[in-house]
Amino acid sequence: MAKKLVIKVTAGADAPERCSQAFTVAAVAVASGVDVSLWLTGESSWFALPGRAAEFELPHAAPLPDLLESVLAAGRITLCTQCAARREITEKDVIEGVRIAGAQVFVQEALGDDTQALVY
C-alpha cells in the first residue's frame, strides 16, 4: 500500500527557510515515489504564478523553480481558494497543472487512508 503525503506550506519569501523546507520535502518525497499533494497557502500562494519561484533566493538551498517543477511533474500542487481570492489570483493566472481548491478538499486529502499531513 502506497503512503501519501499532504504538505501545506504557509510561508513564502516572508519565512524563506520554512518555505524551502516544505518544497524540499515535497520534491524528495516525489523522487522517492511517494504520492505528494503540495498545498500553497498564505504567502506561498504567489509561487502558483509563472516566474514567481525564480524570484525566491535562499543560500545553500535547491532552486525553488526546480523543486516546484519536480512536484508538478509527479505530484499535485493546489492553491488555496481563499488565498487565491485574497490575492486576486484566478485559474487563468496560475502555472499549468496547479489547481485551485478549498479547505474541504484539503481535509479530504489529509484524512485519507495511509496519509501523513505536514504543515510548514
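Residues numbered from 1 in each chain as written. Predicted model: local features only at pLDDT ≥ 70, side-chain atom pairs only at ≥ 80, totals over all residues. Heavy atoms only, no water.

As named in an unreviewed UniProt entry, the chain is Sulfur reduction protein DsrE, taken from Streptomyces rubradiris.

Draft legend 1. View of the overall build of the chain. If you tally the helices and strands in the chain, you get four helices and five strands. The linear arrangement of helices and strands in the chain, starting from the amino end, is β-α-β-α-β-α-β-α-β. For a compact globule of 120 residues, the expected C-alpha radius of gyration is about 14 Å, and the chain comes in at 13 Å, within 12% of that figure. Considering only C-alpha atoms, the chain reaches an extent of 40 × 35 × 25 Å along its principal axes. Looking at the chain as a whole, 42% of its 120 residues qualify as buried. Looking at the chain alone, contacts between residues at least 24 apart form 70% of all its contacts between residues at least 6 apart. Per element, the accessible surface of the chain, about 6,500 Å² overall, is 53% carbon and sulfur. (Helix = DSSP H or I, 4+ residues; strand = E, 2+ residues; numbered from the N terminus. Rg over C-alpha atoms; globule rule 2.2 N^0.38 Å. Buried < 20%, exposed > 50% of the residue type's maximum accessible area, 1.4 Å probe, protein only. Contact = heavy atoms within 4.5 Å. Areas by Shrake-Rupley, 256 points an atom, 1.4 Å probe, with all protein chains shown as cover.)

Draft legend 2. Spotlight on the packing of aromatic side chains. A complete count under the given rule lists three aromatic pairs for this structure. Taken together, a centroid distance of 6.0 Å and an interplanar angle of 90° make the contact between Phe23 and Phe47 edge-to-face. Note that Phe23 is positioned in helix H1 (residues 16-31) and Phe47 in the loop between strand S2 (35-40) and helix H2 (64-74), a separation of 24 residues in sequence. With respect to burial, Phe23 and Phe47 carry one shared label: buried. Seen in terms of ring centroids, Phe47 and Phe56 are 5.7 Å apart; in terms of plane orientation they differ by 90°. Their pairing is edge-to-face. (Phe/Tyr/Trp six-rings, centres within 6.5 Å; stacked < 30°, edge-to-face > 60°.)

Draft legend 3. The environment of Val107, seen in detail. Examined against the element boundaries, Val107 turns out to sit in helix H4 (residues 103-110). Its relative accessible area of 43% is what places Val107 among the partly exposed residues. Considered as a pair, Val107 and Pro59 are 48 residues apart in the sequence and their alpha carbons are 34 Å apart.

Draft legend 4. Region of the structure containing the packing of H1 against H2. In the contact formed by H1 and H2, the axes pass within 9 Å of each other and the chain directions differ by 40°. Classified by the interaxial angle, the pair formed by H1 and H2 is oblique. Along this stretch, H1 crosses H2, giving a crossing that reads as left-handed. In contact with Ser20, Phe23, Thr24, Ala26, Ala27 and Val30 of H1, H2 contributes Leu64, Leu67, Leu68, Ser70, Val71 and Ala74. (Axes fitted to C-alpha atoms, helices over the stretch in contact; angles between N-to-C directions. Parallel < 35°, antiparallel > 145°, perpendicular 65-115°, else oblique. Left-handed = near helix turned anticlockwise from the far one by under 90°.)

Draft legend 5. Main features of the pattern of salt bridges. Inspection of the entire model under this criterion finds four salt bridges. Asp35 is the salt-bridge partner of Arg76, the closest N and O atoms lying 2.9 Å from each other. Of this pair, Arg76 sits in strand S3 (residues 76-80) while Asp35 is found in strand S2, placing the two residues 41 residues apart along the sequence. Linking Arg87 and Glu43 is a salt bridge whose minimum nitrogen-to-oxygen distance equals 3.2 Å. (Salt bridge = Lys/Arg side-chain N within 4 Å of Asp/Glu carboxyl O.)

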